[in-house]
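Listed here are the chains, written in short residue letters.
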Amino acid sequence: MTIAPSTNLFYNRAASSMQSLTAQADRLNQQITVQSNILSPSDNSVAWSRLQGLSLADANDTAYSGNVSVAKSVLQQADSALGQIGDQLQQMSTLVTQAANGTLPASARATMATQLSDLLTSILATANATDMRGGPLFGGSTGTTAVTQNADGSLSFTTGNAAVIPIGDNQSVQPSNNASTFLKTGASDLGQAITAMMAALNAGTDVPAAAKDTLQQISDQVTTTQASIGARAARVDIVAGQISSATVDRSQARTDVDGFDYATSIAELQKTMTVLSATQASFTKLSSMSLFDYLK
């Protein structure tokens with residue numbers, strides 16, 4: 001009987017088997033890493049195209065989610081700032097009402113004039129706040145100061161609005177308003193009205209009715225603007241919910257198209273590695289045998 005333990009056929013078969021098992025293990029590793037059964041268009045061109053579309057949509061929504069977070073923050077900041085301005089305007093109205101008391105001494109009226117000036121300074125500081133992006137909260141996108149008080153007490157406003165924020169396909173939100181939309185009326189502005197009130201208080205005369213009307217109109221405009229900001233914030237919340245829902249739907253669609261199962265792939269990899277290890281051990285043992293091993 002002829003014994004040939006180390007023929008070319010033996011080596012070729014063993015090498016082919018181990019190469020096949022190694023390639024299978026490598027593919028399983030890749031599939032587990034990317035969590036997909038489809039690694040290239042050649043695996044399934046239709047499914048590959050569908051998965052690429054889902055991945056692109058995921059990437060877009062990730063970017064939009066970041067923009068939604070920014071929009072929420074800026075809108076919240078604008079709402080808070082308008083709330084503070086509204087409270088300060090209410091304090092101004094209270095002072096004006098108290099000033100109508102004809103029995104007030106000149107010193108008290110002068111104190112009220114100073115309080116009005118301080119409140120105006122505070123309102124302008126709030127209106128000139130910067131948003132989280134570093135631009136004017138209530139100004140244009142050029143980065144200039146939103147509102148400036150002139151020497152005569154009147155106000156000057158920058159043009160335009162803060163940059164809009166894209167929050168979805170063909171969807172964007174204006175996170176704030178130009179300060180002129182709530183601190184200015186058709187013929188006057190808050191600076192002119194307060195300057196006129198202060199002059200009247202210091203002179204001991206009645207506060208001008210036109211200045212009172214301007215103050216009331218501006219208070220109403222601040223309330224209206226704040227309501228508009230709130231409506232935009234509600235819309236952003238809806239878009240955020242839609243993005244979250246779409247992400248869940250795409251995850252299910254990806255599972256339906258791909259069919260990848262993590263637990264199954266891990267089990268298959270472990271089985272493949274076990275078979276490969278056994279094949280390597282068997283090859284090593286058999287290839288090391290000599291004629292004397294067979295004669296024993």
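Residues numbered from 1 in each chain as written. Predicted model: local features only at pLDDT ≥ 70, side-chain atom pairs only at ≥ 80, totals over all residues. Heavy atoms only, no water.

**Brief notes about the overall build of the chain**
Logical step 1: Of regular secondary structure, the chain possesses eight helices and four strands.
Logical step 2: Across the 296 residues in the chain, those meeting the buried criterion constitute 34%.
Logical step 3: When contacts within the chain are restricted to residue pairs at least 6 apart in sequence, long-range pairs at least 24 apart make up 70% of them.
Logical step 4: Counting only carbon and sulfur atoms, one obtains 54% of the accessible surface of the chain, whose full area is about 16,200 Å². (Helix = DSSP H or I, 4+ residues; strand = E, 2+ residues; numbered from the N terminus. Buried < 20%, exposed > 50% of the residue type's maximum accessible area, 1.4 Å probe, protein only. Contact = heavy atoms within 4.5 Å. Areas by Shrake-Rupley, 256 points an atom, 1.4 Å probe, with all protein chains shown as cover.)

**Regarding the environment of Ser 176**
Logical step 1: By secondary structure assignment, the location of Ser 176 is in the loop between β4 (171–173) and α4 (180–183).
Logical step 2: Overall, Ser 176 belongs to the buried group, its relative accessible area being 1%.
Logical step 3: Measuring from C-alpha to C-alpha, the distance between Ser 176 and Asn 161 comes to 7.3 Å, with 15 residues separating the pair along the chain.
Logical step 4: Beyond its immediate stretch of four places on either side in the chain, Ser 176 contacts Ala 78, Leu 137, Phe 138, Asn 161, Ala 162, Ile 229 and Arg 232.

**What to know about the packing of helix α2 (residues 45–99) against helix α3 (residues 106–127)**
Logical step 1: Where α2 meets α3, the closest approach of the two axes is 10 Å, and the angle between their N-to-C directions is 165°. By the criterion of interaxial angle, the relationship of α2 to α3 is roughly antiparallel. Note that α2 runs across α3; the crossing there is left-handed. When α2 is examined against α3, the residues Ala 81, Gln 84, Ile 85, Gln 88, Leu 89, Gln 91, Met 92, Leu 95, Gln 98 and Ala 99 are found in contact with a partner set consisting of Arg 109, Met 112, Gln 115, Leu 116, Leu 119, Leu 120, Ser 122, Ile 123, Thr 126 and Ala 127.
Logical step 2: Per-class residue counts for the contact of α2 with α3 are twelve nonpolar, seven polar and one charged. (Axes fitted to C-alpha atoms, helices over the stretch in contact; angles between N-to-C directions. Parallel < 35°, antiparallel > 145°, perpendicular 65-115°, else oblique. Left-handed = near helix turned anticlockwise from the far one by under 90°. Nonpolar A, V, L, I, M, F, W, Y, C, P; charged D, E, K, R; others polar.)

**Digging into the packing of α2 against helix α5 (residues 190–203)**
Logical step 1: In contact at an axis separation of 12 Å, α2 and α5 are set at 30° when each is read in the N-to-C sense. Here α2 is positioned roughly parallel relative to α5, judged by the angle of their axes. Note that α2 runs across α5; the crossing there is left-handed. On the side of α2, the interface is formed by Leu 89, Met 92, Val 96 and Ala 99, while α5 contributes Leu 190, Ile 194, Met 197 and Leu 201.
Logical step 2: Classifying every residue of the contact of α2 with α5 gives eight nonpolar, no polar and no charged.

**A short note on the confidence of the model for the chain**
Logical step 1: Scored by pLDDT, the chain comes out at a mean of 85, with 88% of its residues at no less than 70.
Logical step 2: When the elements of the chain are averaged for pLDDT, helix α8 (residues 291–295) gives the smallest value, 50, and α5 the largest, 96. (pLDDT = per-residue confidence, 0-100.)

**Side note on the pattern of salt bridges**
Logical step 1: In the structure shown here, the tally under the stated rule is four salt bridges.
Logical step 2: One salt bridge in this structure joins Asp 61 and Arg 250, with 2.8 Å as the shortest N-O distance. Here Arg 250 lies in helix α6 (residues 209–258) and Asp 61 lies in helix α2, a separation of 189 residues in the sequence.
Logical step 3: Using a relative accessible area of 14% as the deciding quantity, one classes Asp 61 as buried.
Logical step 4: Residue Arg 133 pairs with Asp 131 through a salt bridge whose shortest N-O separation is 3.2 Å.
Logical step 5: Overlapping salt bridges bring together Asp 58, Asp 61 and Arg 250 as one network. (Salt bridge = Lys/Arg side-chain N within 4 Å of Asp/Glu carboxyl O.)

**Remarks on the environment of Thr 145**
Logical step 1: Here Thr 145 lies in the loop between α3 and β1 (147–149).
Logical step 2: Each C-alpha atom, one on Thr 145 and one on Gly 135, is 9.0 Å from the other, the two residues being ten residues apart in sequence.

**Some thoughts on the nonpolar core**
Logical step 1: In terms of nonpolar packing, the biggest core is built from 48 residues, with Leu 89, Met 92, Leu 183 and Leu 190 touching the most fellow members.
Logical step 2: When contributions to this core are tallied by element, the ones reaching two or more residues are α2, α3, β2 (155–157), β3 (165–168), α4, α5 and α6.
Logical step 3: The biggest single contributor to this core is α2, with 14 residues.
Logical step 4: Not counting chain neighbours up to four residues away, the residues in contact with Leu 190 comprise Leu 89, Met 92, Leu 120, Ile 123, Leu 155, Leu 183, Leu 215 and Ile 218.
Logical step 5: Formed by five residues, the second largest nonpolar core is a distinct cluster that contains Ala 14, Met 18, Leu 21 and Phe 283. (Core = buried A, V, L, I, M, F, W, Y, C linked by side-chain atoms within 4.5 Å.)

**Quick look at α5**
Logical step 1: Helix length check: α5 (14 residues) gives 20 Å between terminal C-alpha atoms against 20 Å at 1.5 Å per residue, within 8%.
Logical step 2: Within α5 the residues assigned to the buried category are Leu 190, Gly 191, Ala 193, Ile 194, Met 197, Met 198, Ala 200 and Leu 201.
Logical step 3: In this structure, the buried side of α5 is in contact with α2, α3, β1, β2, α4 and α6.
Logical step 4: The N-terminus of α5 is capped by Asp 189, whose side-chain oxygen sits 2.9 Å from the backbone nitrogen of Gly 191. (Expected span 1.5 Å × (residues − 1). Polar contact = N/O pair within 3.5 Å; in protein donor to acceptor, adjacent residues only side chain to side chain.)

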